[in-house]
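Given next are the chains, with one letter for each unit.
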Protein chains: 2
Amino acid sequence: MKVTMKQIAKEANVSTATVSHVINGTKHITEEKYKKIMEIINKYNYMPNSTAKNLRQKKTKTAGLIVSSFPDTFITEMVYGVEERAREMGYNLLLINTNEDRNYEEETMNLLYSRMVDGVILSPTSNDIEYLNKFTNEEFPVVLVNRYNDTAKNIPKVTGDNFQTGYDATIHLLRHGHKKIGMIYGVSNVSTTDDRIRGYKEALNQHNIPFNENYMELGHATVLGGAAAVKSLLKRHSDITALFIQNDLMTIGAISQIKESLLNIPEDIALIGFGDFASAPIIDPPVTNIMLPPDIIGRTAFDALLSKINNSDYKKHIELPPSLITRKSCGCK
Amino acid sequence: MKVTMKQIAKEANVSTATVSHVINGTKHITEEKYKKIMEIINKYNYMPNSTAKNLRQKKTKTAGLIVSSFPDTFITEMVYGVEERAREMGYNLLLINTNEDRNYEEETMNLLYSRMVDGVILSPTSNDIEYLNKFTNEEFPVVLVNRYNDTAKNIPKVTGDNFQTGYDATIHLLRHGHKKIGMIYGVSNVSTTDDRIRGYKEALNQHNIPFNENYMELGHATVLGGAAAVKSLLKRHSDITALFIQNDLMTIGAISQIKESLLNIPEDIALIGFGDFASAPIIDPPVTNIMLPPDIIGRTAFDALLSKINNSDYKKHIELPPSLITRKSCGCK
DNA sequence: TTGAAAGCGCTAACAG
DNA sequence: CTGTTAGCGCTTTCAA
C-alpha cells in the first residue's frame, strides 16, 4: 500500500496540516518538527498524491495539446516547442493526435474540459470549430495554434503568416520568369492552405496574371500523395513550369515523380517546398523551401495559453513571419 | 461556476448515486428518472470531474511516455505508435521529453509516480536506470522501450533487435568487399548503440577481420554532428571505404560532408544509414538504410504496459527484427 | 506555530 | 431500483 500524508503525520505525531506545510513550504514549522517529518518522508520515499492535490486546488499544472496530424515534420517540431516551454514553466503536457478526425477532436475537448487540464492548445482538424465557444463561454482556456478561424470567439491564436508565405514563394517564382505556377497542398479548408492560396493569388494579381483554379491540386500529405498530385496536375496542365508544394513529404514525392517523368528540376519544372527539412540541401537538386518556425510557434502558443489562464480576456493573434531558403530547385544559383 | 453532480442530482430530485449510475451505466435506472437526469445533464452540458473520479478509483486511464530525444525521426514515430495504441485502448498520454537529462528523467518518474498516471513507458537517457527498482518495488508499472539494460529488474522491455541491426548492416558491407568499415553514432553507453557495435564486431569476427576501436566515431545526433564526425573519422583513417551511420540526421550531414570532400558515394565511400527516412530514395545517391519499425515498437510497448498493469509479474523482453532497404549508397544496383 | 475539521466531486458498499 | 453514507488524499480556513 502506498503511504499517505496521514500516515506520515501519525508517525511524526503531528497533524496532516503540518506535514502539508512542510512539503509545500507554506508556513514556518519549527526546526525540530520539520526535521522529523522530512526524515519520515524520506524513509518511506513518500510522494504526495497529485490527484488529491489537483482535486483540492482545482488545478492540475497540466495542459492539453491536440494536434490533427502527427507525425508531420512541422507539427512534430511545434509539439517540441510546446513541450519545451511547458517544461520550463513547470507544466506537464497531455498530447493527443486526432488524425484529422473532427469528431474525435470534439470528444477530446470534452474530456480535457472535465478538469483534467488547466487549458488546451488546439491545432484544429477543420474550419468547423464553432463548438469551441461552448468551452470558452465556460471560461475554459483554449488557444488555437497553426490553424485557426474566426467562428470561435474570444480565443488567442498563434500561427505562421501563411498569407505572406504564399505571397513570398509565388513572387520568387514569378521573378524567375514563371507565369504558370502550380500549387500542391495536402489539406483543404484550413487556414494554413487558404491563406497561402490568398497570398499566391495576390502575388499573381500584382503581376497581372489571372488565377487559374485548375493549377491547384489537392493530394494526400505523404510521399506517395505528392507523387500522385504532380502526376495528375502535369497531365492536366503540361504547360506548368513551376510548383509550390505545401508539405515536405509531398515535396519529396513530387521530386521522385518529376524525375521519373524524365523532367529536369529546375529547367523543366522549378519548385519551392515548404518547411526546411534536413535533407533539403543534399537532394538532387537541393531544394528551395519557404519555412515558418514551428518550434517558436509552439513555444509562443504555450505562453499564450498561460496568458489566457491568467486573464480570460486575452485573445491576441500572433503571426510569425516566413523565411525563404533558396537553393537550386527554384532556379537560383 | 462549474456544475457538479450534486447539483444535477438536486435538480432531478435524485441522489448523486443515481446520477453516477446513469452516467456510468453501472446500474439499471427507471426510464423516467433516466430521461430526466439526462435532460438536466445536457441542459448544463455537465461533464463529470475526472480528477475526483481518478482520486476515488485510484486510476487515471492515463499513461506517461518519457523519451530522451525529441524530435528525432525514430522517436517521433515511436511516440506516434504509443499514442495511437493508447487512444485505441481508451488511454491518454502524458508526453515528457528529458532531452537526455538523466536527473530530469528521475524527477519526472517521481512526479508521474505520484498517481498522476497508471504506468509509464520510458526510453531512458542512459544506462543508469537502477533507480527504477524503487518504483517497481512499489508495484508501479514501468516498461522500457527502445533502450534498456538489466540493472532494472522485473521490467518488461520492447526494443528493436539492435545486435541484428549492426550485424546485418556490417555483413552487407562486407559482402560488397569492404574491410575497413567506419561506424558513426550519436549516443554512447546506451543499449541501442552498444548492441549495434556488438553486431558489427560479430560480423567482422566471422570474416576474420580484427576490430579497430578507432573506426568508431561519436558525434552529435544532428546534421552538423554527422558532417563533423565523418570529417574527423576520415582524417584519422583515410583508408576507410565504408560507413555505417546510426541516425538519419547524421547520415544527411555525412553525405554533405563526403560530397564536399569531393569523394564519391559509393565508389570512394559506401554507406548504410539507419531508419528509412522519406527522402532517402531521392538523395544523390539514393541511400541504403537498415531500419527498425518505430511505430510497431511504440504500439507493442503500450500493450506491454497494459500487460504490466494487469499482471505485475509480466516482464517479457520483446525484440523486433530489422530490415535492410538497399539502394545505391551501399554499392548495390 | 500547530491542529481540527471541512470539503474538493466523485464512486461504491450497503441498506432499504 | 434508489438513497445514505463513508471515504479517496490532500489543502486551507479557523481557532487555539
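Predicted model only: the values in this text are computed from it and were never measured. (Residues numbered from 1 in each chain as written. Chains lettered and ligands numbered in written order. Predicted model: local features only at pLDDT ≥ 70, side-chain atom pairs only at ≥ 80, totals over all residues. Heavy atoms only, no water.)

### Quick look at the nonpolar core
Where we set the bar: Among buried residues, the Ala, Val, Leu, Ile, Met, Phe, Trp, Tyr and Cys ones that are joined through side-chain atoms within 4.5 Å form a nonpolar core. Residue burial is assigned from relative accessible area. The probe radius is 1.4 Å, only protein chains are included, and a residue is buried under 20% of its type maximum, exposed over 50%, and partly exposed in between. Whether two residues are in contact is decided by their heavy atoms, any of which lying within 4.5 Å being enough.
Among the nonpolar cores identified, the biggest contains 142 residues, and Val79 and Leu243 of chain A together with Val79 and Leu243 of chain B are the most heavily contacted of them. Setting aside anything within four residues of it in sequence, one finds Leu243 of chain B in contact with Leu173, Gly182, Ile184, Val230, Leu233, Ile258, Ile269, Ala270, Leu271 and Ile272 of chain B. One finds Ile66, Leu112 and Phe140 of chain A together with Tyr131 of chain B within the second-largest nonpolar core, a separate group that totals 40 residues.

### Observations regarding the protein's contact with DNA strand D
Heads up, the rule is: We call a residue near a molecule or strand when any one of its heavy atoms sits within 4 Å of it. For this analysis, a polar contact is any N or O atom pair within 3.5 Å, provided that within protein one partner can donate a hydrogen and the other can accept it, and provided that sequence-adjacent residues contribute only side-chain to side-chain pairs. Only runs of H or I of at least four residues qualify as helices and only runs of E of at least two qualify as strands under DSSP, and these elements are numbered from the N terminus. Ten residues, namely Ala, Val, Leu, Ile, Met, Phe, Trp, Tyr, Cys and Pro, are considered nonpolar, four, namely Asp, Glu, Lys and Arg, are considered charged, and the remaining ones, Gly among them, are considered polar.
Taken together, 28 residues lie around DNA strand D, and Met5, Tyr46 and Arg56 of chain A together with His28 and Thr30 of chain B are the ones closest in. Take Ala52 of chain A: an N or O atom from its main chain is 3.4 Å from a base nitrogen of DNA strand D. The side chain of Thr18 of chain B places a nitrogen or oxygen atom 2.5 Å from a phosphate oxygen of DNA strand D. When residues of the surface near DNA strand D are traced back to their parent elements, those giving at least two are helix H2 (16-24) and helix H4 (50-57) of chain A together with helix H2 (16-24) and helix H4 (50-57) of chain B. When residues in the surface near DNA strand D are grouped by element, the largest group, 5 residues, is from H2 of chain A. Among the residues forming the surface near DNA strand D, the class breakdown is 9 nonpolar, 12 polar and 7 charged.

### Structural notes on the UniProt feature "domain: HTH lacI-type" (unreviewed entry) in chain A
What counts here: UniProt positions are given in the numbering used here, feature names are shortened, and annotations may be inferred rather than shown by experiment.
Sites flagged by UniProt as "domain: HTH lacI-type" (unreviewed entry) map to residues 3-57 of chain A. Taken end to end, residues 3-57 of chain A has its terminal C-alpha atoms 21 Å apart, with 71% of it in helix and 0% in strand.

### Quick notes on the sheet that holds strand S6 (residues 181-185) of chain A
Residues and elements named next belong to chain A. What counts here: Only strands joined by at least two bridges in the DSSP assignment are considered to pair. Only C-alpha atoms enter the line fits that serve as axes; for helices the fit covers just the stretch in contact. Angles between N-to-C directions range over 0 to 180 degrees.
Ordered in space as S7-S6-S8-S9-S10-S12, the 6 strands form an open sheet in which the pairing is mixed. The open sheet terminates on both sides in strands that have one partner only, identified here as strand S7 (216-218) and strand S12 (323-325). Taken pair by pair, the neighbouring strands of this sheet meet at an average axis angle of 20 degrees, ignoring direction. Pairing geometry for S6 and strand S8 (residues 242-245), over 4 bridges, is parallel. Considered in S8, the bridge of Met183 is made with Phe244.

### Remarks on the interface of chain A and chain B
A common way to report how large an interface is uses the accessible area buried once the components associate. Our working definition: Simply put, the buried area is the total loss of 1.4 Å probe accessible area from both parts when two parts are fitted together. The rule for a salt bridge is simple: a side-chain nitrogen of Lys or Arg has to be within 4 Å of a carboxyl oxygen of Asp or Glu.
Contacts between the two partners involve 48 residues from chain A and, on the opposite side, 48 residues from chain B. At the boundary of chain A with chain B, total buried surface from both sides reaches about 4,800 Å², with 62% on carbon and sulfur atoms. A per-residue breakdown of the area chain A buries against chain B is headed by Lys2, Arg115 and Ile282 of chain A, which together make up 15% of the total. Inspection of the region where chain A meets chain B yields 0 salt bridges. Summed over the shared surface of chain A and chain B, the number is 13 residue pairs in polar contact (both at pLDDT 80 or more). Those elements that provide at least two residues to the side of chain A that touches chain B are H4, helix H5 (73-88), strand S2 (92-97), helix H6 (102-113) and helix H11 (248-260) of chain A. For the side of chain A that touches chain B, the class distribution of residues is 24 nonpolar, 15 polar and 9 charged.

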